[in-house]
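Residue strings, one per chain:
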Amino acid sequence: MLINRKIQTLDEFTIQQMRDFPNATGELSGLLRDIGLAAKRVHVEVNKAGLVDILGDYGTTNVQGEEVKKLDIFANNQFMGVLRHGISCAGIGSEEMDDIVVFDDAVSNQSKYVCLFDPLDGSANIDVNVSIGTIFSVFRRVSELGKPATKADFLQQGIKQVAAGYIIYGSSTMMVYATRRGVNGFTLDQSIGEFTLSHPDIKCPETGRIYSVNHGNYFQYEEKVQKYINTCQLKTKDNGGPYTQRYIGSMVADVHRNLIKGGIFMYPGTTDKPKGKLRLLYECNPFAFIVEIAGGKATNGNIRILEVEATEIHQRTPMFIGSKLMMEEFENTI
Ligand code: AHM
């Protein structure tokens, strides 16, 4: 049976968006296409995990002292490879690399953009077949074109992002990205090997019933955060509840679900780690950008994530993110 639906690939979509801007150079479209290509390679490898020797630890720890998995390294190499050989990116920062990598060559020095990545988020879930993801953030350079990118290009406030997105390797593989014009989701159609538009103009529901937090850390959270969690647990049908708790431990999967269904995701600071676990530049900023463009909100408990000053590449921050009304209730409670 023929399905009477126009299929639009990621490339077609980004090119169509670009055509609305006569001065656009196509660099951002090229960048998104490159990211989509690396994501397809990671998708293939993630789907073979268990059959080939890619599960398990790489045998080292990253700059933050966390165990590095083989798939983390594979994913990092894919994103680094396509962007280094593409023509749209002047350098990258990644969870897997101590410092930024500047692609210092004649073509890259002319590129307008730099990218930050968490190549494979949710590492602890890799070996047990639970959804994982890639997160990316794109900034326009502030350094002079024609010269190599500098650290200042990467250490910008989240509000300056020109695009941000994620790929979720779940029951299907999806790429979701946001620009100031909106948030759109593309599902990988394996029969043609293309990301195709499946979730146009995503809006985060104003409210929802899901709260996502690691309850195991409850007694390490600040009292005001505990108070909000108690509020969630005490919801009844008479005051917008009952709420349900869902926590996968893969931020991409947790925030993706809440973006589609409505909900709030929290990774607060703990007594051991007052700044929490999540990284500002390649985990929190991109999601804050996506969720805000979709109509939701994201804070560190005091100010918008997108307004937090970036001082180091691997900086951490507490994060609270989700549906607008749930976030407002959170802000009024703490
Ligand atoms: P990772 O960068 O090592 O993959 O850790 C990030 C992940 C997030 O995806 C997730 O929200 C969080 O760690 C879960 O941490 P915890 O197990 O402490 O709840």
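Per chain, the residues get numbers from 1 upward, laid out in the order the sequence is written. Since the coordinates come from a predicted model, pLDDT governs what is reported: local features require at least 70, and pairs of side-chain atoms require 80 or more to be given and counted, while whole-chain, interface and lining totals use all residues. Hydrogens and water are ignored here; the side-chain numbers use all heavy atoms of the structure.

### Considerations on the sheet that holds strand β13 (residues 263–267)
- Criterion used throughout: strands pair if DSSP finds at least two bridges between them. Numbering goes from the N terminus for both helices and strands, where a helix is a DSSP run of H or I of at least four residues and a strand is a run of E of at least two. Across the sheet, five strands lie side by side as β12-β11-β13-β15-β14; this open sheet has mixed pairing. Each end of this open sheet is capped by a strand with a single partner; those strands are β12 (244–245) and β14 (297–299).
- Sheet analysis places β13 next to strand β15 (residues 319–322), joined by four bridges and oriented antiparallel. Its bridge partner lying in β15, Y267 is registered against M319.
- Residue contacts follow a heavy-atom distance rule, with two residues in contact if any of their heavy atoms lie within 4.5 Å. Axis geometry follows a simple rule: fit a line to the C-alpha atoms, using only the stretch in contact for helices, then measure angles between N-to-C directions, giving values from 0 to 180 degrees. Where helix α5 (residues 223–233) meets the sheet, it contacts β11 (210–212), β13 and β15, and its direction lies at approximately 150° from that of β11.

### Description of the pattern of salt bridges
- Whenever a carboxyl oxygen of Asp or Glu lies within 4 Å of a side-chain nitrogen of Lys or Arg, that contact is scored as a salt bridge. Considering all chains together, one arrives at 16 salt bridges under this definition.
- Here E144 and K147 are joined by a salt bridge, their closest N and O atoms 3.4 Å apart.
- Owing to a relative accessible area of 52%, E144 belongs among the exposed residues under this scheme.
- Exposure classes here rest on a 1.4 Å probe applied to the protein chains alone. A residue is buried below 20% of its type maximum, exposed above 50%, and partly exposed in between. The exposure class assigned to K147 is partly exposed, which follows from its relative accessible area of 45%.
- The shortest N-O distance in the salt bridge between R257 and D254 comes to 3.1 Å. Placement of both R257 and D254 in helix α6 (residues 251–261) is noted, with a separation of three residues, approximately one turn of the helix.
- According to the relative accessible area criterion, D254 is buried, its value standing at 0%.
- Residues participating in the shared-partner salt-bridge network are K297, K324, E328 and E331.

### A closer look at the pairing of strand β9 (residues 182–189)
- Across the eight residues that make up β9, a large majority, seven, are buried.
- Pairing of strand β8 (residues 173–179) with β9 involves six bridges; the strand directions are antiparallel. Its bridge partner lying in β9, M174 is registered against T187.
- From the end of β8 to the start of β9, which pair antiparallel, there are two residues.
- As paired elements, β9 and strand β10 (residues 194–199) share five bridges and run antiparallel to each other. Its bridge partner lying in β10, T187 is registered against T196.

### What about the domain arrangement of the chain?
- What the domain assignment reports for the chain is domain 1 (10–199) and domain 2 (210–333).
- Delimitation of the domains relies on an automatic or database domain assignment. Placing the centre of domain 1 and that of domain 2 at their C-alpha centroids yields a distance of 23 Å.
- Listed per partner, the contact involves 45 residues of domain 1 and 31 residues of domain 2.
- Interface of domain 1 and domain 2: buried area, both sides summed, is about 2,900 Å²; carbon and sulfur atoms make up 66% of it.
- Considering only the side of domain 1, the residues that lose the most area to domain 2 are L155, Q157 and Y166, jointly responsible for 20% of the buried surface there.
- Our count for the contact surface shared by domain 1 and domain 2 stands at one salt bridge.
- Here a polar contact is taken to be a pair of N or O atoms separated by no more than 3.5 Å, where protein atoms must pair a possible hydrogen donor with a possible acceptor and residues adjacent in sequence count only if both atoms sit in side chains. On the surface where domain 1 and domain 2 come into contact, there are 13 residue pairs in polar contact (both at pLDDT 80 or more).
- Secondary-structure elements contributing two or more residues to the side of domain 1 that touches domain 2 are β5 (113–121), β6 (132–140), α4 (151–154), β7 (161–169), β8 and β9.
- Tallying contributions element by element places β7 first for the side of domain 1 that touches domain 2, with eight residues.
- Each residue is assigned to one of three groups, with Ala, Val, Leu, Ile, Met, Phe, Trp, Tyr, Cys and Pro labelled nonpolar, Asp, Glu, Lys and Arg labelled charged, and all others, Gly among them, labelled polar. Grouping the constituent residues of the side of domain 1 that touches domain 2 by class yields 22 nonpolar, 16 polar and seven charged. Buried area: the accessible surface (1.4 Å probe) lost by two parts on joining, summed over both.

### Points about the site of the ligand
- In the vicinity of the ligand, 16 residues are found, and the nearest of them are D121, G122, Y247, M251 and Y267.
- Between an oxygen atom of the ligand and a side-chain N or O atom of Y247, the distance comes to 2.4 Å.
- Here E283 contributes a side-chain N or O atom positioned 3.4 Å from an oxygen atom of the ligand.
- Method for areas: the Shrake-Rupley scheme with a 1.4 Å probe, in which residue coverage is limited to the protein chains shown. Look at the ligand: alone it shows 470 Å² of surface, and the protein chains cover 85% of it.
- Elements that contribute at least two residues to the shell around the ligand include exactly β5 and β13.
- Split into classes, the residues belonging to the shell around the ligand amount to five nonpolar, five polar and six charged.
- The residues that make up the shell around the ligand include at least three from each of domain 1 (10–199) and domain 2 (210–333). In this text, near means that some heavy atom of the residue lies within 4 Å of the molecule or strand in question.

### Digging into the packing of aromatic side chains
- Within 6.5 Å between ring centres, the rings of Phe, Tyr and Trp (the latter by its six-membered ring) count as paired, and their orientation is classed by plane angle as stacked under 30 degrees, edge-to-face over 60, tilted in between. By the definition in use, this model includes ten aromatic pairs.
- Taken together, a centroid distance of 6.5 Å and an interplanar angle of 75° make the contact between F13 and Y177 edge-to-face. Remark: Y177 occurs in strand β8 and F13 occurs in helix α1 (residues 10–19); sequence separation between them is 164 residues.
- Taking the centre distance of 4.5 Å and the plane angle of 25° together, the rings of F320 and F330 count as stacked. Within this pair, whereas F320 is found in strand β15, its partner F330 is found in helix α8 (residues 324–333), the two being separated by ten residues in sequence.
- On the basis of relative accessibility, which here comes to 3%, the residue F320 falls in the buried class.
- Exposure remark for F330: the relative accessible area of 1% places this residue in the buried category.
- Cluster of aromatic residues (ring-pair linked, three or more members): F13, Y177 and F186.

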